[in-house]
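These are the residues of each chain, in order.
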Amino acid sequence: MFKNSWFPTVFDDFLNTDFMPRANTTAPAVNVREDEKAYTMELAAPGIKKEYCRVGINEDGNLTIAIENKMEHKEGNKKHHYLRREFSYSNYEQSYTLPEDVERDKISAKVDNGILTVVLPKIEKEEKKMTKAIEVS
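Keep in mind that what you see is a predicted model, and the values were worked out from it rather than measured.

Colleague: What is the right way to read the sheet that holds strand 4 (residues 63-69) from this model?
Modeller: Spatially, the three strands line up as an open sheet ordered 3-4-5, and their pairing is antiparallel. The open sheet has two edge strands, strand 3 (53-57) and strand 5 (90-96), and neither has a second partner. Strand-to-strand, the axes of this sheet are offset by a mean angle of 10 degrees, without reference to chain direction.

Structure follows, in structure tokens:
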């Protein structure tokens, strides 16, 4: 048994995350996938309505996604007595740098079952068939 060993302290210091900024716990989880035709972003926002979502391109040319989630407190509804209530009003706004091959005029977004899906179509590249005569020697 080691008394006053430096060993536990090294691991305690390494695993201590107090110096790190806390993640925004109200930020939705984001998935991004790519195929040959588009990039697709999926943001998890349970219970979100489409009227609370804004998707656009800002003055810097970045994709901006804003979600406003409002849990309205109605005084007239006295059916429930909350012992703990964590649902609340929250805002989320994030800007994403777009890849150069995104066709910005064709970006689309929809909300379905608590998922905001943003499709970023790629610019169609014309495939030119190259023909070349090969000299036979």
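Colleague: Would you mind going over the side chain of Lys122 with me for this structure?
Modeller: Locating Lys122 in the fold gives a position in the segment after strand 7 (115-121). Within the structure, the side chain of Lys122 is placed 2.5 Å from the side chain of Glu34, a separation counted as a polar contact. Leave out the neighbours within four places in its chain, and Lys122 touches Glu34, Asp35, Glu36, Lys37, Ala38, Tyr39, Asp101, Val102 and Glu103.

Colleague: Just to check I follow, could you spell out the pattern of salt bridges for this structure?
Modeller: Close approach of charged atoms allows side chains with opposite charge to pair. For the structure on display, the rule yields four salt bridges. Where Glu42 meets Arg33, a salt bridge forms, and the shortest distance between an N and an O atom there is 2.8 Å. What makes Arg33 partly exposed here is its relative accessible area of 47%. Here Glu34 ties to Lys122 by a salt bridge, and the two come within 2.5 Å at their closest N and O atoms. A residue pair is termed long-range when its members are at least 10 positions apart, and Glu34 in strand 1 (residues 30-34) and Lys122 in the segment after strand 7 qualify at 88 residues. Take Lys122: its relative accessible area is 14%, and that puts it in the buried class.

Colleague: I tried to follow the sheet that holds strand 6 (residues 108-112) on my own but got confused; where do I start?
Modeller: Strand pairing in a sheet is mediated by backbone hydrogen bonds. Such pairs are either parallel or antiparallel. Pairing is antiparallel in the open sheet, where four strands are placed in the order 1-2-7-6. Only two strands of the sheet have a single neighbouring strand rather than two, namely strand 1 and strand 6. Each adjacent strand pair in this sheet contributes to an overall mean axis angle of 15 degrees, direction not counted. Relative to strand 7, strand 2 (residues 38-44) runs antiparallel, the two being bridged by seven bridges. Directly across from Ala38, in strand 7, lies its bridge partner Pro121.

Colleague: Looking at this model, I keep getting lost on the pairing of strand 4. Mind explaining?
Modeller: It is a general feature of regular strands that their side chains alternate between the two faces of the sheet. Within strand 4, five of the seven residues are buried, which leaves it mostly tucked inside the rest of the structure. Of the pairings in the sheet, the one linking strand 3 to strand 4 comprises five bridges and is antiparallel in character. The residue bridging Val55 from the neighbouring strand is Ile65, located in strand 4. In this antiparallel pair of consecutive strands, strand 3 and strand 4, the connection spans five residues, and Gly61 shows a positive phi of 85 degrees. Bridge count between strand 4 and strand 5: seven bridges; the pairing is antiparallel.

Conventions adopted
- Residues numbered from 1 in each chain as written.
- Predicted model: local features only at pLDDT ≥ 70, side-chain atom pairs only at ≥ 80, totals over all residues.
- Heavy atoms only, no water.
- Pairing = 2+ DSSP bridges.
- Helix = DSSP H or I, 4+ residues; strand = E, 2+ residues; numbered from the N terminus.
- Axes fitted to C-alpha atoms, helices over the stretch in contact; angles between N-to-C directions.
- Polar contact = N/O pair within 3.5 Å; in protein donor to acceptor, adjacent residues only side chain to side chain.
- Contact = heavy atoms within 4.5 Å.
- Salt bridge = Lys/Arg side-chain N within 4 Å of Asp/Glu carboxyl O.
- Buried < 20%, exposed > 50% of the residue type's maximum accessible area, 1.4 Å probe, protein only.

Read these as spatial facts, not as claims about activity.
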